[in-house]
Amino acid sequence: MYKLTEEQRWYIICERKKGSINISNIVRSFKCRHAIIYDVIDYYRRHNDVNYTDRYNAGRPPALDSTQIKQLDQTIQQNRSATAAELLSLTNFNTTERTVQRYRLSLGYRPRKSVIKVKTNNTNEQNRYQFAALHHLANIRKYIFEDECYVGLRSTQQIVWCKREESTSKKEISSLRAHVNLIGFIWWNGYVFRRFDNWLNSDTYCDTVNEALSGNLRKLNGFLFISDGIKWHKSAQFKRWCDKYNIELCEWPGYSPDFNAIELVWNIIKQKFKTKNPKS
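Computed from a predicted structure; not experimentally measured.

Caption draft 1: View of the confidence of the model for the chain. Summing up the model confidence of the chain, the mean pLDDT is 79 and the portion of residues at 70 or higher is 79%. In the model, residues 257-263 has pLDDT below 50 throughout and makes nine contacts with residues more than four positions away in sequence or in other chains.

Caption draft 2: Structural context of the pattern of salt bridges. By the definition in use, this model includes six salt bridges. Of the charged contacts in the structure, one is a salt bridge between Asp73 and Lys163, with a shortest N-O distance of 3.4 Å. Placement of the pair is Asp73 in helix α4 (residues 66-78) and Lys163 in strand β4 (residues 159-163), with a sequence separation of 90 residues. You'll find Asp73 and Lys163 in the same group, each marked buried. Between Arg80 and Glu166 there is a salt bridge, with its nearest N and O atoms 2.9 Å apart. A residue pair is termed long-range when its members are at least 10 positions apart, and Arg80 in the loop between α4 and α5 (84-91) and Glu166 in the loop between β4 and β5 (170-173) qualify at 86 residues. Looking at Arg80, the relative accessible area reads 18%, which means it is buried. Taking relative accessible area as the criterion, Glu166 reaches 24% and is therefore assigned partly exposed.

Caption draft 3: Fine view of helix α8 (residues 202-213). Compared with an ideal rise of 1.5 Å per residue, which puts twelve residues at 16 Å, α8 spans 17 Å between its outermost C-alpha atoms and is within 8% of the ideal. For α8, the set of buried residues is Tyr205, Cys206, Thr208, Val209, Ala212 and Leu213. Along the axis of α8, the buried residues cluster in a sector spanning 165 degrees; they form a single face. Away from its buried face by more than 90 degrees, α8 exposes Asp207 and Glu211. The N-capping residue of α8, defined by a side-chain oxygen 3.0 Å from the backbone nitrogen of Asp203, is Asn201.

Caption draft 4: Here's a closer look at a nonpolar patch on the surface. There is a patch of nonpolar side chains on the surface, built from Ile186, Tyr191 and Phe193 and spanning about 370 Å² of accessible area. Within the element layout of this structure, Tyr191 appears in strand β7 (residues 190-195). According to the relative accessible area criterion, Tyr191 is exposed, its value standing at 61%.

Caption draft 5: Region of the structure containing the nonpolar core. Counting residues in each nonpolar core, the largest one holds 31 residues, and the members touching the most others are Leu4, Ile12, Phe30, Ile37 and Leu72. Listed by contribution, the elements that provide at least two residues to this core are α1 (6-18), α2 (23-30), α3 (34-47), α4, α5 and α6 (97-106). Residues from two domains meet in this core; each of domain 1 (6-47) and domain 2 (66-107) gives at least three. Membership of the second largest hydrophobic core comes to 22 residues, among which are Tyr205, Val209, Phe225 and Trp241.

Caption draft 6: Main features of helix α7 (residues 122-135). Relative to the 20 Å expected for 14 residues at 1.5 Å per residue, α7 spans 20 Å between its end C-alpha atoms, a close match to the ideal helical length. When we look at burial in α7, the residues that qualify are Asn124, Arg128, Phe131, Ala132 and His135. Around the axis of α7, the buried residues are gathered within 95 degrees of arc, so they sit on the same side. Residues of α7 that are exposed and point over 90 degrees away from its buried face: Asn122, Thr123 and Leu134.

About the thresholds
- Residues numbered from 1 in each chain as written.
- Predicted model: local features only at pLDDT ≥ 70, side-chain atom pairs only at ≥ 80, totals over all residues.
- Heavy atoms only, no water.
- pLDDT = per-residue confidence, 0-100.
- Contact = heavy atoms within 4.5 Å.
- Salt bridge = Lys/Arg side-chain N within 4 Å of Asp/Glu carboxyl O.
- Helix = DSSP H or I, 4+ residues; strand = E, 2+ residues; numbered from the N terminus.
- Buried < 20%, exposed > 50% of the residue type's maximum accessible area, 1.4 Å probe, protein only.
- Expected span 1.5 Å × (residues − 1).
- Arc of directions from axis to C-beta.
- Polar contact = N/O pair within 3.5 Å; in protein donor to acceptor, adjacent residues only side chain to side chain.
- Patch = residues over 30% accessible without salt bridge, like charges linked within 9 Å, V, L, I, M, F, W, Y side chains within 5 Å.
- Areas by Shrake-Rupley, 256 points an atom, 1.4 Å probe, with all protein chains shown as cover.
- Core = buried A, V, L, I, M, F, W, Y, C linked by side-chain atoms within 4.5 Å.
- Domains from an automatic or database assignment.

Structure follows, in structure tokens:
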């Protein structure tokens, strides 16, 4: 069991404490026997440590003790994107960046790109709920979904350190903005995507929509036009355009990139079911 490094032994103990230890995977990863893993666990149970004090533990002492290793683990969890130099500054350990990198890997952390998520608030959540409650009986076959975006080449992701079993951390940003102009329309059995020039306003938006949907306006009569709350989506000019082609204008809750109407409607149905059947 003395072939394992101190970092490897601490990794085994950390996994066991979390209840997620997989002996077979560790054996394959460390290229050792099953008995060695159980010896490490047994030694920790008896001595509350993994640093062997017998003749097999001769040589240079470990860079970090058990308390410092736990502190490093907690610091990484609280600062997922911190570099080794930043972790060293936060912990004030008397060691090197290379040692911090080595212990970080031994604790099971691996680099990933963070997940981007746009911030939301209680007002947005309430608007989404009200929209779902109001339209949960509507015929989705009569919906036209529209949105425009300004796409650019920019990276807002960062490297974060996570263990194998953990989900990737999310990085919240105020908005996603870019500068290539695209507009798209999707309905039950059709879609249109177009590029457009210049920035939109109340007048240019009507012209852009009219040009994009010119070949489908007749069959879209009576449809519900879904858009967010941007001012040119609800302008007087666009409302007149909708009236002209018998299209009903409906405002989609704004700032809801992860909006899930099905989930909210299902919550409404469950709540109604509980009200009618309180014993269930």
